[in-house]
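One-letter residues, chain by chain:
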Amino acid sequence: MTPQTPEPLARRRRLMARAFELACLGATLLSVVLLFVLLGTVLYQGLGSLTWDLLTRLPSRLPERAGIKAAALGSLWLIGLTTLISVPVGVGAAIYLEEYARDGRLRRLIQLNIANLAGVPSIVYGILGLGLFVRALALDRSVISGALTLSLVILPVVILTAQEALRSVPVSIRHASYALGATRWQTIWHQVLPVSIPGILTGVILAVSRALGEAAPLVAVGAVAYVSFVPSGLRDAYTALPIQIFDWSQRPQREFHDLAAAAIIVLLAVLLCLNGIAVYLRQRYGKRVRW
Amino acid sequence: MALTLGACAGISVLTTVGVVVVLLVESIPFFRDVSIVEFLIGTKWTPLLKPQHFGILPLLCGTMWIAVGSGLFALPLGLATAVYLSEYARPGIRDLVKPALEILAGIPSVVYGYFAVVAVSPLIRWIFPQADVFNVVSASVVVGIMILPMIVSLSEDVLRAVPRALREGAYALGSTKLDVTVRVVVPSAASGIMASFLLALSRAIGETMAVTLAAGATPQLTLNPLDSVQTMTAYIVQISQGDTPAGTIEYRTIFVVGLALFVLTLGMNVLAQYILSRFREVYE
């Protein structure tokens, strides 16, 4: 006979182990339930106000006449400009760091710097935008000031994900290209970039959807909620969906809270679509390329 | 080509330089009018009232309340969720829960602020009728929900990185799953877990829209989590929304508070990175 653990002790140990597992499962369930409560609250509050009129009306002091047309189109302007600015710069920086920069002090410094920038609170970027774009460059509270500020906010994310995508292309592809006499740039342009585009695009979409939800830096660079027209040029004043949601949530009247919820539904729907596209790209192209 | 691309990479360095320069250019004149000692240990923050006081402690108090409150809520919950996903859950469950939490991570902060205003704050006031409309607890809860996915995702990664051999060694000695998890796996991943906590707390300190909507605009030193407070970020939003003319001392406070915020979060992020690189467990 082998010595046995006394029965009550073994039972207690089993019970403890079971209790711990259940506690962890409970925590997981709670995390997921919180997500559903959050989305459920927004849907419950907002679905009633989500009408076609909401999308086509300009803001108003009266809740029954207010809409999100200016905010939605303002967001579109911002996102369009932000993408145009941040993608070439971010991908360019990633190509430099992965393909050109030699391993050394400078490269490590830039890399460390990007990692730190990714952790800077977005309101600090807003203050930078206020000091640099709004005041020093005298761009005022215009849609271009907002877009430049948002570009800086998402730049670290774009660079880091693009680097990841470039790094996943095997070195042998580059060597084969050089062996055929291609220059470094020809190798990058014709071999490396085409296969890493799905990865880069996934990162860009995630970064852009972050920019779409940002309100803090825009408040600092002077986006105001009450803009009763749609921007028609780079120097125009503007508002954006998150700013409109912020303004309506701040007001004491319940009707405005319902409008805020409806605007949130619109914003989340767009974000969900963007994330869906990113997931789809990752699934589809991640499998197709095999080295 | 290399030059153009190098310039793109240079923009990231210029951004950091820009942040520091912009913050300092407006902060230095501020400290000509207000002594650093008053700024650091003054207990009143009333830049918009006469007499003006510029002690940062009340704003720091508000910020710390949110960091501590959201941490109390999110750190244990996040770690337990990470442990469940990495040690107990079947792959099918993990593939369901992880994307669900990623959705939580993708929701903009202003939506959390809305959630605090319409759902959490009324609930808190129903439980504690003496609570202010804007209070520390409701802001902490929503910021906690917000940083939860970050903790889960980072902690789960480091837990999963603990090699199987360590677990199997512990099982061979007759450990239960509880012993293996609590005495072997979690301690082995402790530095990574610590780093994820620091990054999440730094995020909570820099969080803006949710705390502006939920915590209120009352800069005060308080020990009561049912009171309204003001965080550093919420103060910046409050001043930015008004029409404060450039060059005045009120305008400069934006940059001074921003500088304090930048230094605080940068310090925490650097510390987290240091812990990750210094204490990374090396297996085999």
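Below or above, wherever it landed, is the structure these notes cover. (Residues numbered from 1 in each chain as written. Chains lettered and ligands numbered in written order. Predicted model: local features only at pLDDT ≥ 70, side-chain atom pairs only at ≥ 80, totals over all residues. Heavy atoms only, no water.)

1. Some remarks on the pattern of salt bridges
Let me state the cut-off plainly: When a carboxyl oxygen of Asp or Glu is within 4 Å of a side-chain nitrogen of Lys or Arg, the pair counts as a salt bridge. Strands are runs of DSSP state E lasting at least two residues, helices are runs of H or I lasting at least four, and both sets are numbered from the N terminus onward.
Applying the stated criterion across every chain yields a total of 13 salt bridges over all chains. Across the salt bridge formed by Glu98(A) and Arg167(A), the nearest N and O atoms sit 3.3 Å from each other. Of this pair, Glu98(A) sits in helix α3 (residues 69-100) while Arg167(A) sits in helix α6 (residues 143-167), placing them 69 residues apart in sequence. Of the charged contacts, one joins Asp103(A) and Arg107(A) as a salt bridge, the two residues approaching to 3.8 Å between their closest N and O atoms. Among the ionic contacts, a cluster of salt bridges with common partners joins Lys98(B), Glu156(B), Asp157(B) and Arg160(B).

2. Structural notes on the interface of chain B and chain A
To keep things clear, this is the line we draw: The contact criterion used throughout is that any non-hydrogen atoms of two residues lie within 4.5 Å. By convention, the term buried area covers the 1.4 Å-probe accessible surface removed from two parts as they join, with the contributions of both added. Here a polar contact is taken to be a pair of N or O atoms separated by no more than 3.5 Å, where protein atoms must pair a possible hydrogen donor with a possible acceptor and residues adjacent in sequence count only if both atoms sit in side chains.
Of the residues lining the interface, 73 residues belong to chain B; the matching set on chain A comes to 68 residues. Summing the contributions of chain B and of chain A, the shared interface buries around 5,800 Å²; its carbon and sulfur component is 79%. With its nearest N and O atoms 3.5 Å apart, the salt bridge here joins Arg13(A) to Asp179(B). The tally of links from chain B across to chain A stands at 8 residue pairs in polar contact (both at pLDDT 80 or more). Among the elements that make up the side of chain B that touches chain A, the one with the highest residue count is helix α1 (residues 2-33) of chain B (14 residues).

3. Some words on the packing of aromatic side chains
Any pair of aromatic rings gets described here by the distance separating the centres and the angle formed by the planes. Heads up, the condition is: Side-chain rings of Phe, Tyr and Trp (the six-membered ring for Trp) are treated as a pair once their centres are within 6.5 Å; stacked means planes under 30 degrees apart, edge-to-face means over 60, and tilted covers the remaining angles. Both a distance and an angle decide whether a charge sits over a ring: NZ of Lys or CZ of Arg must be within 6 Å of the ring centre and within 35 degrees of the ring normal.
All chains considered together, the criterion is met by 11 aromatic pairs over all chains. Note that Arg251(A) overlies the ring of Phe256(A), its terminal NZ or CZ placed 4.6 Å from the centroid. Above the face of the Tyr88(B) ring, Lys177(B) is positioned so that its terminal group lies 5.2 Å from the ring centre.

4. Some words on helix α11 (residues 232-241) of chain B
How we decide: Type-normalised accessible area, obtained with a 1.4 Å probe on protein chains alone, sets the label of each residue: buried when under 20%, exposed when over 50%, and partly exposed for intermediate values.
A large share of α11(B) lies buried, amounting to 8 of its 10 residues. Taken together, the buried positions of α11(B) are occupied by Met232(B), Thr233(B), Ala234(B), Tyr235(B), Ile236(B), Val237(B), Ile239(B) and Ser240(B).

5. Some details on the packing of helix α1 (residues 7-46) of chain A against helix α3 (residues 57-88) of chain B
How two helices pack is summed up by the angle between their axes together with the distance between the axes. Counted only if it meets this: Each axis is a line fitted through C-alpha atoms, taken for helices only over the stretch in contact, and angles between the N-to-C directions span 0 to 180 degrees. With respect to orientation, any angle under 35 degrees is reported as roughly parallel, any angle over 145 as roughly antiparallel, any angle of 65 to 115 as roughly perpendicular, and every other angle as oblique. Left-handed describes a crossing whose near helix is turned anticlockwise from the far helix by less than a right angle; the clockwise case is right-handed.
Closest axis-to-axis distance for the α1(A)/α3(B) pair is 8 Å, and the angle between their directions is 115 degrees. When the axes of α1(A) and α3(B) are compared, the pair comes out roughly perpendicular. The hand of the α1(A)/α3(B) crossing is left-handed. Contacts between α1(A) and α3(B) involve Phe20(A), Glu21(A), Cys24(A), Leu25(A), Ala27(A), Thr28(A), Leu30(A), Ser31(A) and Leu34(A) from the former and Phe73(B), Leu77(B), Ala80(B), Thr81(B), Val83(B), Tyr84(B), Leu85(B) and Tyr88(B) from the latter.

6. Re the nonpolar core
So the rule is basically this: For our purposes a nonpolar core is just a set of buried Ala, Val, Leu, Ile, Met, Phe, Trp, Tyr and Cys residues, chained together by side-chain atoms within 4.5 Å.
Leu218(A) and Tyr112(B) are the most contacted members of the largest nonpolar core, which totals 178 residues. Sorting elements by how many residues they give to this core places α6(A) first, with 13 residues.

7. Some points on a nonpolar patch on the surface
Residue and element names in this part refer to chain B. The condition is simple: Only residues whose relative accessible area exceeds 30% and that form no salt bridge enter a patch; like-charged residues are grouped when within 9 Å of one another, and nonpolar side chains (Val, Leu, Ile, Met, Phe, Trp, Tyr) when within 5 Å. In these tables, accessible area is a Shrake-Rupley quantity obtained with a 1.4 Å probe, and a residue counts as shielded only by the protein chains included in the view.
The grouping of Leu14, Val17, Val21 and Val25 at the surface amounts to a nonpolar patch, some 350 Å² of accessible area in total. Topologically, Leu14 is positioned in helix α1. For Leu14, a relative accessible area of 56% puts it in the exposed group.

8. Observations concerning the side chain of Thr81(B)
With respect to the helices and strands, Thr81(B) occurs in helix α3. Judged by relative accessible area, which is 0%, Thr81(B) ranks as buried. When near neighbours in sequence (up to four residues on either side) are disregarded, Thr81(B) contacts Ala27(A), Thr28(A), Ser31(A), Leu101(B) and Val152(B).

Note that all results are geometric; they support no functional claim without further evidence.
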